[in-house]
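Structural overview
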Amino acid sequence: MVAVIVTTILGMLVNVIPGDPATLVMGPRASPELARQVRAEMGLDQPVLVQVVMFLWNAVRGDLGTDFVNHQPVAAILAAYLPHTIILAVVALGLAALVGIPMGVYAATKPGTVVDTVTSLVSVSFITMPSYVVALLLLLVFPVLLGVLPATGVGDITVPADYIRHLVLPAVALALVWVGYLARVVRSGMLEVLGANYIRAARALGLGERLIAYRYALKNAIVPTVALLGVGLGDLLGGAVFVEVIFARPGLGSLIVEAIEDRNYPIVRGAVLVIALLFVLANLAADLSYRVLDPRIRVEESGRLA
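By convention here, each chain's residues receive numbers from 1 onward along its written sequence. Two thresholds apply to this predicted model, a pLDDT of at least 70 for residue-level local features and 80 or more for giving and counting side-chain atom pairs, whereas whole-chain, interface and lining totals are computed over all residues. Excluding hydrogens and water, the side-chain figures rest on all heavy atoms present in the structure.

With that out of the way, let us pick up the overall build of the chain. Helix and strand assignments follow DSSP, with helices taken as H or I runs no shorter than four residues and strands as E runs no shorter than two, numbered in order from the N terminus. Of regular secondary structure, the chain possesses 14 helices and zero strands. Starting at the N terminus, the α and β elements of the chain follow one another as α-α-α-α-α-α-α-α-α-α-α-α-α-α. Using a 1.4 Å probe on the protein chains alone, a residue whose accessible area is under 20% of its type maximum counts as buried, one over 50% counts as exposed, and one in between counts as partly exposed. The 306 residues of the chain split such that 39% are buried. Under the convention used here, a 1.4 Å probe and the Shrake-Rupley method define accessible areas, while residue burial counts only the protein chains that appear. Total accessible area computed for the chain in this model is approximately 16,400 Å², and 69% of it derives from carbon and sulfur atoms.

Following this line, the structure appears as structure tokens:
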């Protein structure tokens, strides 16, 4: 259903956006007859519904069309760019979880204190900062002023140290917003769990606060966060567009921007469809893991079946 909606919207946009793709591809000297022939080869002379059905039918068979500019299969081009975007999004989400979850736990164990207030201010500040603003600030500070990290490019993937050096700034720029989100959600969940009877019983047994927080309270408080991580991965895949452009990093985002400038609709349509499917898969994985982590859902489902 998501693929149908996304493809339909993209098919409608081709007819709404000013400019004839065939003329743009062939240049201003293209004759009307040749432009009509190229438009027919692109399938743009068909109704939107026919274009959507044909695209989806070919996509199911692994054919996403042919690039207008280089005349290469779209699937092969996406396969070359997709790993860089997935690596960037996954590393950014892992970084956000690594920083945001301990921040939320620490704030929840110090409610009402100066530490809690400062943590809340930092979290909200991170949430309100768009990733492209953070990317520009990082670009000015580290490569330009300090000269410690590369400003652009992706590095050599066969040399892990070089690839990681090029990955640090884009990943931090993407992760910072989700550090704030995760810190706030974990803090809220921890405050509810820390008032439960089994936590009071653990304190009465003399267990340390760090052990109670990370071993017993976080186990239950983390469940809503898992669902948020699925949404976060989809959001990071979409947010990578600006970051990849700013850092001149190859990926689906920079590929889409370049394809829009060239009116290269097969690339745009294929890349957006892949991002939409990845978003759906990320949310599906989050739902499945949610059921595994929360035994109450399994008990409720078994009760309904019985």
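Continuing now.
Once that is clear, we can look at the side chain of D116. Here D116 shows up in helix α6 (residues 114-128). Polar contact is defined as a pair of N or O atoms within 3.5 Å, subject to the rule that within protein one atom must be able to donate a hydrogen and the other to accept it, and that residues adjacent in sequence are counted only when both atoms are side-chain atoms. For D116, the side chain forms a polar contact with the side chain of R187, separated by 2.8 Å. Leave out the neighbours within four places in its chain, and D116 touches A107, K110, P111 and R187. Throughout, a residue-residue contact means that at least one pair of heavy atoms, one from each residue, lies within 4.5 Å.

This paragraph deals with the packing of helix α5 (residues 74-109) against α6. Between N-to-C directions, angles span 0 to 180 degrees; the directions come from axes that are lines fitted to C-alpha atoms, helices contributing only their stretch in contact. Between α5 and α6, the least distance of the axes is 8 Å, while the angle of their chain directions is 145°. For α5 against α6, the interelement crossing comes out left-handed. Here M103, Y106 and A107 of α5 lie close against α6, whose contacting residues are V115, D116, T119 and S123. Each residue gets one label: Ala, Val, Leu, Ile, Met, Phe, Trp, Tyr, Cys and Pro are nonpolar, Asp, Glu, Lys and Arg are charged, and the others, such as Gly, are polar. For the contact of α5 with α6, a count of residues per class yields four nonpolar, two polar and one charged. Two helices that cross are described as forming a left-handed crossing if the nearer one is turned anticlockwise from the farther one by less than a right angle, and a right-handed crossing if clockwise.

It is worth spelling out the packing of helix α11 (residues 223-246) against helix α12 (residues 252-261) at this point. Put simply, α11 and α12 touch, their axes get as near as 7 Å, and they point 80° apart. As far as their axial angle goes, α12 and α11 are roughly perpendicular. Contact with α11, carried on its side by V241, E244 and V245, involves L252, G253, S254 and V257 of α12 and no other residues of that element. For classification, angles of less than 35 degrees are called roughly parallel, those exceeding 145 degrees roughly antiparallel, those between 65 and 115 degrees roughly perpendicular, and all remaining angles oblique.

Next up on the list: the side chain of R187. With respect to the helices, strands and loops of the structure, R187 is situated in helix α8 (residues 160-193). Filtering out sequence-adjacent residues up to four positions away, R187 remains in contact with G104, A107, A108, D116 and S120.

For A248, which is not a glycine, the phi torsion comes out positive at approximately 50°. As for its placement among the helices and strands, A248 is situated in the loop between α11 and α12.

All right, on to the packing of aromatic side chains then. A pair of aromatic rings is counted whenever rings of Phe, Tyr or Trp (Trp by its six-membered ring) have centres within 6.5 Å, and the orientation is called stacked for planes under 30 degrees apart, edge-to-face for over 60 and tilted otherwise. Applying the stated criterion to the full structure yields two aromatic pairs. Here Y132 and F242 contribute two aromatic rings whose centre-to-centre distance is 5.8 Å and whose plane-to-plane angle is 50°, an arrangement assigned as tilted. With a gap of 110 residues between them, Y132 in helix α7 (residues 131-146) and F242 in helix α11 connect regions that are remote in the sequence. Given the relative accessible area of 48%, F242 is considered partly exposed.

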